[in-house]
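Close look at the chain arrangement
These are the residues of each chain, in order.
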Amino acid sequence: MATNIHQHTSRCTSTNENINAMSVHLYNYSKSTLDIIFVVAAYELWFKQILHELDSIRQMFTIDQLGVDERKVLLLVSRLNRIVQIQKLLRDQIMILETMTPLDFMEFRDYLAPSSGFQSLQFRLIENKLGINKVHRVRYNFQDYSKVFDSQDRKQIEESEATPSLLVLVQEWLERTPGLEENGFNFWGKYRKSVEVMLDIARAEAENEVDEEVRATLLKDVQKQEASIGNKVLPKASSTGDRRFSYKAMQGAIMIYFYRDEPRFSQPFQILQLLMDIDSLLIKWRYNHVMMVQRMIGSKLGTGGTSGYQYLRSTVSDRYKVFVDLFNLSNFLIPRDFIPPLSSSMKMRLRTSLVNGRLYESDSALCSDSSEDDQVPAVTSALNNVAIGTRSTTAGDFCD
């Protein structure tokens, strides 16, 4: 009689009872079965922890929390880093399974059918809550991936698909990046001008090149830069599925990259790095799994009815990357000399944080982007008064 290790493990309330029960059934078939029992049990327990962290992270990313109190960013960084560390454990545990030989695995593989790692409910919930879109999934035997689950599990999958994923919440958070407002600092407008200047210089240098072959190569490179950074390219890329983030979210991410040394952007930059770490480790885990499967069963069909190695190999691609846009940000980076300089008021704004919906220890001028440098003298005067001790100045004095 077959048993679904993943489903049995994830639903069991007592780990010891679960391992003992499965050991009694499988140990009679092969002395190597304890390897896979322990590893799968450990996977499902860590999946549960990742889900717990993801739920708390998604809650903090909402406009009601992070949108009004940026002090939660440090906690976000901590919990994202915890997921990253768990993923490193999961990636390395595959090496334990690789100590089995193909013959060892063959002794009890038939007993596992038709169960499969594909049927791990918790792993599918992790994918959905991160933001893997159903349309990007490789179809399971030409049908929806949820068909392998019973009605109770399918309900959880549907709920995870219906609630905002981490991808969606991060996108909304990036869209709120301070400095994107057109009537304020207008980062994107300044960025576009800097790009134009940079490309004009590159084009002029290319045209002045004496060697025709080198000149043609340089001009072609300039054209590629114009295409990749061009204002009209991003929306088109989104419609083809090459981009997940909205146009404005991409602007916010680029701005955070450029000004990551500013206090208000240093931790958001860490968040973007950790999101890429999560994506990278998930892909690396998939790749390690693919290589182990090829080593154990070659090109045979999987126990769950999939094409086995061929199916798993198809999941190691950008279609299963949630934050693929963050990996592609390098296409839009420009040399430091061309990064638009921050205005004095924007510098002040990036040295403060939102607390209870207002900028902490900030001037009323900085609570809005409607004006820029004309308000700086008043702020500077107030700060000088504080520095020389002429009066006690508080956030209330600035923003009331």
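Refer to the structure above for everything that follows.
Residues numbered from 1 in each chain as written. Predicted model: local features only at pLDDT ≥ 70, side-chain atom pairs only at ≥ 80, totals over all residues. Heavy atoms only, no water.

A closer look at the nonpolar core
Ranked by size, the top nonpolar core spans 93 residues in total, and within it F61, F187 and Y259 carry the most contacts. Counting residues per element, this core draws most heavily on helix α13 (residues 263-297), which supplies 16 residues. Those residues in contact with F187 that lie beyond four places of it in its chain are G179, L180, Q251, I254, M255, F258 and Y259. (Core = buried A, V, L, I, M, F, W, Y, C linked by side-chain atoms within 4.5 Å. Buried < 20%, exposed > 50% of the residue type's maximum accessible area, 1.4 Å probe, protein only. Helix = DSSP H or I, 4+ residues; strand = E, 2+ residues; numbered from the N terminus. Contact = heavy atoms within 4.5 Å.)

Here we look at the side chain of E262
Assignment of secondary structure puts E262 in the loop between α12 (247-258) and α13. Residues contacting E262, with those up to four places away along its chain left out, are L342, K347, L350 and R351.

Some details on the packing of helix α9 (residues 187-207) against helix α10 (residues 212-229)
Packing of α9 against α10 leaves a shortest axis separation of 8 Å and a crossing angle of 170 degrees. Between α9 and α10, the angle falls in the class roughly antiparallel. Residues Y191, R192, V195, M198, L199, A202, R203, A206 and E207 of α9 touch α10, and the partners they reach there are R215, L218, L219, V222, Q225, E226 and I229. Here the residues of the contact of α9 with α10 are counted per class, giving 10 nonpolar, 1 polar and 5 charged. (Axes fitted to C-alpha atoms, helices over the stretch in contact; angles between N-to-C directions. Parallel < 35°, antiparallel > 145°, perpendicular 65-115°, else oblique. Nonpolar A, V, L, I, M, F, W, Y, C, P; charged D, E, K, R; others polar.)

Structural notes on empty space enclosed by the protein
Throughout the structure, instances matching the rule amount to 4 cavities of 30 Å³ or more. Quantified by volume, the second largest cavity comes out at close to 130 Å³. For the lining of the second largest cavity, the elements supplying multiple residues, two or more each, are α3 (33-60), α4 (73-97), α6 (121-130) and α13. Top element by residues in the lining of the second largest cavity is α13. It accounts for 4 residues. Residues that form the lining of the second largest cavity fall into these classes: 11 nonpolar, 1 polar and no charged. (1 Å grid on protein atoms, 1.4 Å probe; cavity = no way out; pocket = protein on both sides within 12 Å on 5 of 7 lines; lining within 4 Å. Points joined across faces, edges and corners; volume = space filled by probe spheres on them.)

So, the environment of F245
Looking at the element boundaries, F245 is found in the loop between α11 (233-239) and α12. Expressed as a C-alpha distance, the spacing of F245 and V170, which sit 75 residues apart in the sequence, is 8.9 Å. Discounting chain neighbours no more than four positions away, the residues touching F245 are L167, V170, Q171, L174, M250, F323, D325 and L326.

Some remarks on the packing of α6 against α13
At a minimum axis distance of 13 Å, the contact between α6 and α13 shows a crossing angle of 145 degrees. In this structure, α6 meets α13 at a crossing whose hand is left-handed. Together, F123, E127 and L130 of α6 and I278, L282, W285 and R286 of α13 make up the contact between the two elements. (Left-handed = near helix turned anticlockwise from the far one by under 90°.)

Considerations on the pattern of salt bridges
Using the criterion set out here, one finds 12 salt bridges in the structure. The residue E127 makes a salt bridge to R137 at a minimum N-O spacing of 2.7 Å. A residue pair is termed long-range when its members are at least 10 positions apart, and E127 in helix α6 and R137 in the loop between α6 and α7 (151-162) qualify at 10 residues. Among the charged side chains, a salt-bridge network with shared partners connects R124, E127, R137 and R286. (Salt bridge = Lys/Arg side-chain N within 4 Å of Asp/Glu carboxyl O.)

A few points about the layout of surface pockets
As a volume, the second largest pocket reaches approximately 310 Å³. If you go around the second largest pocket, you meet 17 residues; those closest to its centre are G131, I132, N133, S165 and V168. Residue assignment for the lining of the second largest pocket shows that the elements contributing at least two residues are α7 and α8 (166-175). Split into classes, the residues belonging to the lining of the second largest pocket amount to 6 nonpolar, 8 polar and 3 charged.

Regarding α7
For α7, which comprises 12 residues, the first-to-last C-alpha distance of 16 Å matches the rise-based estimate of 16 Å (1.5 Å per residue) to within 8%. Of the positions making up α7, those classed as buried are D153, I157 and S160. Relative to the axis of α7, the buried residues are bounded by an arc of 60 degrees and lie together on one face. Those residues of α7 that are exposed and aimed more than 90 degrees away from the buried face are S151, Q152, K155 and A162. Its side-chain oxygen placed 3.2 Å from the backbone nitrogen of Q152, D150 serves as the N-cap of α7. (Expected span 1.5 Å × (residues − 1). Arc of directions from axis to C-beta. Polar contact = N/O pair within 3.5 Å; in protein donor to acceptor, adjacent residues only side chain to side chain.)

Describing the packing of aromatic side chains
Scanning all chains against the criterion turns up 15 aromatic pairs. Measuring from centroid to centroid gives 6.0 Å for Y43 and F47, while their planes differ by 15 degrees, and the two rings are stacked. Of this pair, Y43 and F47 are both found in helix α3, 4 residues apart, which corresponds to roughly one turn of the helix. Overall, Y43 belongs to the buried group, its relative accessible area being 5%. What makes F47 buried here is its relative accessible area of 4%. Between F245 and F323 the ring centres are 6.4 Å apart and the planes differ by 50 degrees, which places this aromatic pair in the tilted class. Placement of F245 in the loop between α11 and α12 and of F323 in the loop between α14 (309-314) and α15 (324-327) is noted, with a sequence separation of 78 residues between them. The exposure classification of F245 matches that of F323, with both residues buried. Seen from the ring of F185, K190 lies directly overhead, with NZ or CZ sitting 4.7 Å from the centre. Sitting above the plane of the F269 ring, R260 keeps its charged end 5.2 Å from the centroid. (Phe/Tyr/Trp six-rings, centres within 6.5 Å; stacked < 30°, edge-to-face > 60°. Lys NZ or Arg CZ within 6 Å of the ring centre and 35° of its normal.)

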